[in-house]
Amino acid sequence: MDATIDNIAVAQQTNLEVFSGVLQLLAETDKDIIVVTSDSRGSGKLVPFGQKFPDQIIEVGIAEQNLVGVSAGIASTGKKVFAVSPACFLTARALEQIKNDVAYSNNPVTLVGISAGVSYGALGSTHHSLHDFAVLRTIHNLIIVAPADNFEAEQAVKLAAETDLPVYIRFGKKSMPLLSAEKSFEFGKGRVIREGSDLTIIATGETVEHACRAARKLEREHNLAATVVSMHTIKPLDYNLLSDIAAWDKPIITVEEHSVYGGLGEACASFLIQNNFRNRFKIIGIPDEYTVTGSQQEIFNHYGISEDGITQTALALLGE
Amino acid sequence: MSEKELAQKSVEYRKKILKYIYQAKAGHTGGSLSCIDILNVLYNHTMHVDATDFTSPDRDRYIQSKGHTVEALYVVLASRGFFPESDLETLCKYQSHYIGHPTRKVHGVEQNTGALGHGLSLSVGTAIAGKLDKKDYRVFTVLGDGELPEGSNWEAALSASHYKLDNLCAILDKNTLQISGPTADVLNTDPVDKKFEAFGWEVRHVDGHDIKQLTEAFDALPFAKGKPSLIIAHTVKGKGISFMENQLKWHHGVPDPKQYADAVQELDLYGETLASA
C-alpha cells in the first residue's frame with residue numbers, strides 16, 4: 001500500500017478530463033449520451049466532446065434552472081443525460097429543479113457539479129460550493145458522489161451512465177493523484193485506501209489525498225498507523241463500513257471540502273451516535289464562515305484540510 | 001369527437017371536478033374550471049395518447065405546468081381510460097396516489113409538477129429529445145398566467161426558440177386571477193403576446209372556452225415552421241358556475257353542500273340546453 005501512497009505526488013489527469021474522456025468513449029457507441037451545459041463547455045472540458053458529437057451536446061446558456069428542467073425532459077425520453085454546470089450554481093440556483101424535475105420525477109439525470117468546494121479559490125464565496133452535500137442529502141432518490149482520484153471518477157461516470165437513478169457527481173479542478181491499486185468501485189461502498197490500527201481518517205473527494213499524506217506523516221514521524229477511507233459516496237453512505245470502523249473503538253476523523261454543517265462528517269456522526277458508537281470523533285471541513293481569500297490549497301491550509309492540519313487534529317484526538 | 005360532443009364532455013368534466021373536490025374537501029376549483037376545455041380538446045381531439053400503450057416513444061406528451069389544477073387532469077385521464085374513475089374517490093385522502101398535484105404514480109401523468117415555473121423547461125427538454133430522435137411527437141404544456149413571473153419560464157422560452165421547437169405548444173390559461181388578486185395587479189406580465197413573440201414564439205389568441213376556436217388552433221399547429229407555438233387562451237376562473245366565475249375565493253375554494261348542489265344544477269341545465277341545441 002505504501003508504494004501507491006508514495007505515488008501521490010505524481011500528477012494524473014484532472015477528474016474533469018477523465019469525465020470528458022469517458023463520455024467520449026461512451027458516446028462512440030451510444031447516441032443516447034446527451035450532455036447539457038450552461039455555458040460550461042470549456043470549464044467542463046467538453047470542447048472535444050462537442051466537436052466530436054455536435055448532435056449530442058445541448059447548450060442552454062447561463063440558466064441553471066432551465067438546464068436541469070431541460071435535462072429532466074430529455075432524460076424522460078430514455079436518454080442518458082449529463083447536466084454540467086459549476087457546482088455552486090447548479091446545486092443552489094436549480095435546487096428546486098433537482099428536487100422536483102430530477103429526483104421526485106425520477107428522471108435519471110447525472111448532475112455534474114464542476115469546480116466544486118473551494119476549487120474557484122480566490123473568486124470567493126459566490127463561487128464556492130460548500131452547501132451541496134448538505135442540501136442534496138435531504139433530497140430523496142439522489143446518489144451523491146465525490147470521486148477522489150481518476151479511477152473513482154472514471155467508474156462513477158460509467159456507473160452513472162448505467163444506472164436508472166439520478167446522480168450528483170462533484171468534481172474539482174486540480175490534477176488528481178493515483179491513490180490505490182484497489183480496483184473495486186460501486187456507489188455506496190467506501191474504498192479503504194490504506195489500513196492502520198490507531199485511528200481512521202474518512203475523507204471524500206479532493207481531500208482524500210491530504211488524508212493520505214497525513215497518514216504517511218503520522219506513520220513516519222509519530223509511529224501511528226491510520227486507516228484512510230475514500231468515502232466517495234456521500235449518499236447512500238456506507239453504513240456497513242462505518243460500523244466496522246467504529247467497532248475498532250479507535251478515533252475517527254472526517255475530512256471534507258464542504259461546510260462542517262450537513263456534510264460527510266455530520267452524516268457519519270449521526271449514524272454513529274444513533275447506533276451507540278462512542279468513538280472519539282472530529283469533523284474537519286470549512287467552518288461556518290465565508291472563506292478566506294486564497295487558492296484552494298491556501299484555503300485548505302487555513303482550515304486544516306492539509307497534511308499538517310489533519311496530522312495535528314489526529315495527534316490532539318489521540319492525546320499525543 | 002364533434003364540437004357538440006366535446007362541449008358535452010366539458011360539462012361532464014366540470015361536474016366531476018366539482019364532485020371530487022367536494023368529496024375531498026380540497027382542490028383548486030377555479031383554475032381547474034378555467035383550463036378544463038383546453039385539456040378536453042387536447043385529450044379528446046388533438047393528442048395521440050393511448051392509455052394501453054402509454055410508454056410508446058411516439059406518443060404526444062402533455063406536461064401540466066400549473067400543477068395545482070390537477071383535478072382537471074385527473075378527470076380527463078380517467079375518462080380516457082388511464083385509471084378507473086372510482087380511484088378519484090380517494091383524491092387527497094390518506095395514502096392516496098391521487099395527491100393535489102400531478103404525480104407519476106398516477107398512470108398517464110408525464111411529470112411530477114406543482115412547484116410553478118417547471119413545466120416549460122421539462123417540455124423544452126422533451127421536445128429537444130423528439131427533434132434529436134427525429135420523431136413526430138408533439139409536446140403540450142398548460143401554463144398559468146400567475147406562474148409567468150417565475151424566471152425559469154423565460155429561460156425556457158428562450159431555449160425553445162433557440163432550438164426551433166415547432167413540436168412544442170404551450171397554452172397559457174389566462175384567467176387573469178391568482179391567489180392574491182388580479183394577475184395584472186400582483187405582477188403584470190402583459191403584453192404577454194409581445195413578450196413571447198420577442199422571444200421568438202408564434203402566438204395566437206383564442207377564447208379558451210370556445211371548443212371550435214381551440215380545435216382550430218390546435219389543428220393549425222405549428223403556427224410557423226421552426227418556431228414554438230403559444231396559444232393564449234382567454235379564460236374565466238371558475239367558468240361554468242355563475243357564482244364562482246371571476247371570484248378570487250374560488251382559487252382553492254371548496255363548495256359547501258348547497259353550493260355543490262347549486263353548481264351541479266347549473267351544469268345539468270346547461271348540459272340539457274346543449275343537448276337540445
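Cut-offs applied
Per-chain numbering applies: the sequence of each chain, read as written, is numbered from 1 onward. Each chain takes a letter, starting from A, and each ligand takes a number, starting from 1, following the order in which they are written. The model is predicted, so local features are restricted to residues of pLDDT at least 70 and side-chain atom pairs to those at 80 or more, both for listing and for counting; the totals for chains, interfaces and linings are taken over all residues. Only heavy atoms go into the side-chain values, all of them from the structure, while hydrogens and water stay out. Counting from the N terminus, the helices are the DSSP runs of H or I reaching at least four residues and the strands are the DSSP runs of E reaching at least two. Atoms counted for the radius of gyration: C-alpha only. Globule rule: 2.2 Å times residue count to the power 0.38. Per-residue accessibility, obtained with a 1.4 Å probe over protein chains only, is compared with the maximum for each type, and a residue is labelled buried under 20%, exposed over 50%, and partly exposed between these values. Any two residues having at least one pair of non-hydrogen atoms within 4.5 Å are treated as being in contact. For the area figures, the Shrake-Rupley method with a 1.4 Å probe applies, and any residue is considered shielded solely by the protein chains shown. Lys and Arg are tallied as positive, Asp and Glu as negative. Neither His nor the chain termini are counted. The atom standing in for a charge is NZ when the residue is Lys, CZ when it is Arg, CG when it is Asp and CD when it is Glu. Throughout, the accessible surface (probe 1.4 Å) given up by two parts as they are put together, summed over both, is called the buried area. Salt bridges are defined by distance alone: a side-chain nitrogen of Lys or Arg within 4 Å of a carboxyl oxygen of Asp or Glu. Identification of polar contacts relies on pairs of N or O atoms within 3.5 Å, with a donor-acceptor requirement for protein atoms, meaning one able to donate a hydrogen and the other able to accept it, and with residues adjacent in sequence counted only if both atoms are side-chain atoms. Axis definition: a line fit to C-alpha positions, over the contact stretch in the case of helices; interaxial angles, taken between N-to-C directions, run 0 to 180 degrees. Angle categories are assigned with fixed cut-offs, so that under 35 degrees is roughly parallel, over 145 is roughly antiparallel, 65 to 115 is roughly perpendicular, and the rest are oblique. The crossing is said to be left-handed when, going from far helix to near helix, the turn is anticlockwise and less than a right angle, and right-handed when the turn is clockwise. Classes in brief: Ala, Val, Leu, Ile, Met, Phe, Trp, Tyr, Cys and Pro nonpolar; Asp, Glu, Lys and Arg charged; the others, Gly included, polar. Should DSSP find at least two bridges between two strands, the strands are regarded as paired. Nonpolar cores are built from buried Ala, Val, Leu, Ile, Met, Phe, Trp, Tyr and Cys residues. Side-chain atoms within 4.5 Å join them into one set. Note on aromatic pairs: the rings of Phe, Tyr and Trp (six-membered ring only in Trp) are paired at centre separations within 6.5 Å, and the planes decide the class, stacked below 30 degrees, edge-to-face beyond 60, tilted for the rest. UniProt positions are given in the numbering used here, feature names are shortened, and annotations may be inferred rather than shown by experiment. Cavities and pockets are found on a 1 Å grid laid over the protein atoms alone: a cavity is a set of points where a 1.4 Å probe fits but cannot escape, a pocket is an open set with protein on both sides within 12 Å along at least five of seven lines, and a lining residue has an atom within 4 Å of such a point. Grid points are joined across faces, edges and corners, and a volume is the space filled by probe spheres set on the points.

## Some words on the overall build of chain A
Across its full length, chain A carries 13 helices and 12 strands. The C-alpha radius of gyration of chain A comes to 19 Å, within 12% of the 20 Å expected for a compact globule of 320 residues. Its C-alpha atoms put chain A at 60 × 40 × 40 Å along the principal axes. Within chain A, the proportion of its 320 residues that are buried is 62%. Long-range contacts, defined here as pairs at least 24 residues apart, represent 77% of the contacts in chain A between residues at least 6 apart. Accessible surface, chain A: about 11800 Å² in total, of which carbon and sulfur atoms supply 48%. Within chain A, one finds 26 positive and 38 negative side-chain charges whose respective centroids are separated by 1 Å.

## Considerations on the interface of chain B and chain A
Contacts between the two partners involve 25 residues from chain B and, on the opposite side, 24 residues from chain A. Taken over both partners, the interface formed by chain B and chain A buries close to 1900 Å², and the fraction arising from carbon and sulfur atoms is 50%. The largest share of the area that chain B buries against chain A comes from B:N112, B:H118 and B:E155, three residues that together contribute 27% of it. The interface formed by chain B and chain A holds one salt bridge in total. One salt bridge in this structure joins A:K79 and B:D133, with 2.6 Å as the shortest N-O distance. In this structure, the connection of chain B to chain A is made through 14 residue pairs in polar contact (both at pLDDT 80 or more). Of all elements in the fold, only α4 (119–132) and α5 (151–162) of chain B reach the threshold of two or more residues within the side of chain B that touches chain A. Top element by residues in the side of chain B that touches chain A is α4(B). It accounts for eight residues.

## Remarks on the packing of helix α2 (residues 29–46) of chain B against helix α8 (residues 211–219) of chain B
All names here are of chain B. Contact pair α2 / α8: the axes reach a minimum separation of 10 Å and the direction vectors enclose 55°. The orientation of α2 with respect to α8, classified from their angle, is oblique. Note that α2 runs across α8; the crossing there is right-handed. Contacts from D37, I38, N40, V41, L42, H45 and T46 in α2 reach I211, L214, T215, F218 and D219 in α8. When grouped by side-chain class, the residues that make up the contact of α2 with α8 number six nonpolar, four polar and two charged.

## Quick look at the side chain of A:H232
Within the secondary structure, A:H232 is located in the loop between β9 (226–230) and β10 (233–235). Setting aside residues no more than four positions away along its own chain, A:H232 makes contact with A:I144, A:V145, A:A146, A:P147, A:E152, A:F185, A:E186, A:G188, A:K189, A:G190, A:R191 and A:T204.

## Overview of the sheet that holds strand β4 (residues 109–114) of chain A
Residues and elements named next belong to chain A. Read from one edge to the other, the open sheet built from seven strands follows the order β2-β1-β3-β4-β6-β5-β10, with strand pairing classed as mixed. The open sheet terminates on both sides in strands that have one partner only, identified here as β2 (57–59) and β10. This sheet shows a mean twist of 20° between the axes of neighbouring strands, independent of strand direction. Across six bridges, strand β3 (residues 80–86) lies against β4 in parallel orientation. Considered in β4, the bridge of V81 is made with V109. Of the strands in this sheet, β1 (33–37), β3 and β4 are in contact with helix α2 (residues 15–29), which crosses β1 at around 140°.

## A word on the nonpolar core
In this structure, A:I74, A:L111, B:L168, B:F196 and B:W201 are the most contacted members of the largest nonpolar core, which totals 68 residues. Those residues in contact with B:L168, other than ones at most four positions away along the chain, are B:L120, B:S123, B:V124, B:A127, B:V139, B:A160, B:W201, B:P228 and B:S229. In terms of nonpolar packing, the next biggest core, distinct from the first, is built from 58 residues, B:Y43, B:A217, B:I241 and B:W250 among them.

## Re the packing of aromatic side chains
Evaluation of the coordinates by the stated rule reveals 15 aromatic pairs over all chains. Relative to A:F187, the ring of A:F185 lies with its centre 6.1 Å away and its plane at 75°, an arrangement referred to as edge-to-face. Both residues of the pair, A:F185 and A:F187, belong to the buried class. Ring plane angle 85° and centroid distance 5.2 Å describe the contact between B:F196 and B:W201, whose orientation is recorded as edge-to-face. Judged by its relative accessible area of 1%, B:W201 falls in the buried class.

## Overview of helix α11 (residues 264–274) of chain A
Residues and elements named next belong to chain A. Among all positions of α11, only L264, G265, A267, C268, A269, F271 and L272 are buried. Elements in contact with the buried residues of α11: α7 (132–137), β8 (199–203), β10, α10 (239–247), β11 (252–259) and β12 (281–286). At the C-terminal side of α11, N276 shows a positive phi close to 65°.

## Looking at the UniProt feature "domain: Transketolase N-terminal" (unreviewed entry) in chain B
UniProt feature "domain: Transketolase N-terminal" (unreviewed entry): in the numbering of this structure it lies at residues 19–254 of chain B. Here residues 19–254 of chain B runs as 34% helix and 14% strand, with 10 Å between its end C-alpha atoms.

## Section: empty space enclosed by the protein
All names here are of chain A. As enumerated under the stated definition, the model contains four cavities of 30 Å³ or more in all. Computed from the structure, the largest cavity encloses a volume of approximately 60 Å³. Every residue along the wall of the largest cavity is listed here: N15, A116, A146, P147, R170, F171, G172, G205, E206 and E257.

## With respect to the layout of surface pockets
Counted as a void, the largest pocket has a volume near 370 Å³. If you trace the largest pocket, you find 17 residues lining it, with A:P54, A:D55, A:Q56, A:I58 and B:L132 closest to the centre. At the level of elements, β2 of chain A together with α4 of chain B are the ones that each hand at least two residues to the lining of the largest pocket. Grouping the constituent residues of the lining of the largest pocket by class yields eight nonpolar, two polar and seven charged. Volume-wise, the second largest pocket comes out at about 300 Å³. Lining the second largest pocket are 17 residues, and of these B:R14, B:D37, B:H209, B:K239 and B:Y270 lie nearest its centre. Sorting the residues of the lining of the second largest pocket by element identifies α1 (3–24), α8 and α9 (257–276) of chain B as the ones contributing at least two each.

## Focus: the pairing of β9(A)
All names here are of chain A. With respect to burial, β9 is a largely interior element, five of its five residues being buried. Judged by which residues are buried, β9 turns out to be covered on both faces: A226, V228 and S230 on one side and T227 and V229 on the other are all buried. As defined by bridge partners, strand β7 (residues 191–194) adjoins β9 across three bridges and the pair is classed as antiparallel. Paired with R191 across the strands is S230, a residue of β9.

## Some points on unusual backbone geometry
B:D190 connects to B:P191 through a cis peptide bond whose omega is 0°. Tracing the backbone shows B:P191 in the loop between α6 (183–186) and α7 (192–198). Put simply, B:L221 and B:P222 share a cis peptide bond, and its omega is -10°. Note on placement: B:P222 falls in the loop between α8 and β7 (229–234). With a phi close to 60°, A:K45 is a non-glycine residue in the positive phi region. Of note, A:K45 is situated in the loop between β1 and α3 (47–52).

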